[in-house]
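Here is what each chain is made of, one letter per residue.
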Amino acid sequence: MFGGRKQSAPLVGDDVVVEAATRAGFRLDPTQLVAAQHLSGRDHLYLSGPVGRGKTWLVDTYLGALPPKWVRRLHWHEFGRDLDALIKDRGVEGALATITSGVRVLCFDELTVDDRADGIYVDAVIRRAIERDIRLIITSNHRPSDLMPHPLLHATFLPTIDFIETHCMAIELDGGTDYRTIRRPNARRDHGFAGGLWITVNGAPTQRVSQSTSVNGRTISVWDSTRDHLGVTFGEICGRPLGAADYLRLAHRYRSWTVSGVPGLATTDRQSARRFVHLVDILYDQEAELNIECALDRTEFALCAALDPMSRARVTSRLSTLGESAAL
């Protein structure tokens, strides 16, 4: 056994979330209010729903009311990278003990399980947390029953799905509005992901001086690598076999990005389209500014049969937060 059982997380009144919404200039919709009420309790929670329904905002607000040392947040894209490093250093049991040690609330943000190995580790972390009376909060675009959607792998994840549904209060948020698409008059757009622009480019792409940068032992051709800005073509960043760990490393190094020569996703291959979705997810979560140079508007761009409906909806929602501009 690693340590003793933890005390249940202290109650945080749902008025904390309601008051935060009021300060931000909006009211919680009925499904958000239900989620806020349950966040103020002690149940393990699984918050699901379409993109832009406020799942992450609600959890951010709740966790922000707790002492930081009580909370560990595992974002999906970072989980695999960090766990791999811990396993290499401490073995599986040591890695799991490190993840769950000393916390009272464990949050799995934007859970998406589509790989057998990831499913095994997710199962181990979830079971360890609940066995040790650590409050578990999961957010996902998918209901528990929709995790591990691959037909050949889904059956292998059914015990985990059953465990989640048995121990977690499942709440679906869907007030019918993607709140990312709503422009609030007082919303700031000068920093983070939403500080970027969707730039509609007419004519041939601008020719730029070739430079290079490296990530995880690989060299990438770029057209800008100065201070904290990375300028790179779609073909170089999404057309090559790069993964989430590479994008995370680059996102920590470069806080502002411009991706040029972006085609419509309907005209590119499946793998490049999926890498672009992962890149947008990571830059959004890391609050890195993203500028997109594309000959299409965002609506035309996102039409892509190669993406599953949830991925298409998510990337469309996140790109909708960018400002708009036309290339000179």
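Everything that follows concerns the structure shown earlier in this document.
For the structure given in this document, a descriptive report is provided here. (Residues numbered from 1 in each chain as written. Predicted model: local features only at pLDDT ≥ 70, side-chain atom pairs only at ≥ 80, totals over all residues. Heavy atoms only, no water.)

1. A short note on the nonpolar core
Counting 37 residues, the largest nonpolar core has I237, W257, V259, F276, I292 and L319 as the members making the most contacts within it. Every element with two or more residues in this core is listed here: β8 (218-222), β10 (229-233), α7 (234-238), α8 (244-253), β11 (256-262), α9 (270-285), β12 (289-294) and α11 (309-319). Per-element accounting of this core gives the leading share, seven residues, to α9. If sequence neighbours within four positions are ignored, L319 has contacts with W198, F276, V280, L290, I292, R298 and F301. Counting 30 residues, the second largest nonpolar core, distinct from the first, contains L86, I87, I138 and F163. (Core = buried A, V, L, I, M, F, W, Y, C linked by side-chain atoms within 4.5 Å. Buried < 20%, exposed > 50% of the residue type's maximum accessible area, 1.4 Å probe, protein only. Helix = DSSP H or I, 4+ residues; strand = E, 2+ residues; numbered from the N terminus. Contact = heavy atoms within 4.5 Å.)

2. Structural notes on the sheet that holds strand β2 (residues 71-75)
In a beta sheet, neighbouring strands are held together by backbone hydrogen bonds and run either parallel or antiparallel to one another. Spatially, the five strands line up as an open sheet ordered β2-β3-β4-β1-β5, and their pairing is parallel. Across the chains shown, the open sheet's two edge strands, defined by having one partner strand only, are β2 and β5 (168-172). Strand-to-strand twist of the sheet, defined as the mean angle between neighbouring strand axes without regard to direction, takes the value 15°. Against the sheet, helix α6 (residues 154-167) contacts β1 (44-48) and β5, and its axis sits at roughly 90° relative to β5. (Pairing = 2+ DSSP bridges. Axes fitted to C-alpha atoms, helices over the stretch in contact; angles between N-to-C directions.)

3. Comments concerning the pairing of strand β3 (residues 105-109)
Among the five residues in β3, five count as buried, and that is most of the element. In β3, alternate side chains face the same way, and those of V105, C107 and D109 on one face and L106 and F108 on the other are all buried. As paired elements, β2 and β3 share five bridges and run parallel to each other. If you follow H75 over to β3, its bridge partner there is D109. Regarding topology, helix α4 (residues 76-100) serves as the crossover connection from β2 to the parallel β3, and that connection is right-handed. (Right-handed = clockwise from strand over helix to strand, strands pointing away.)

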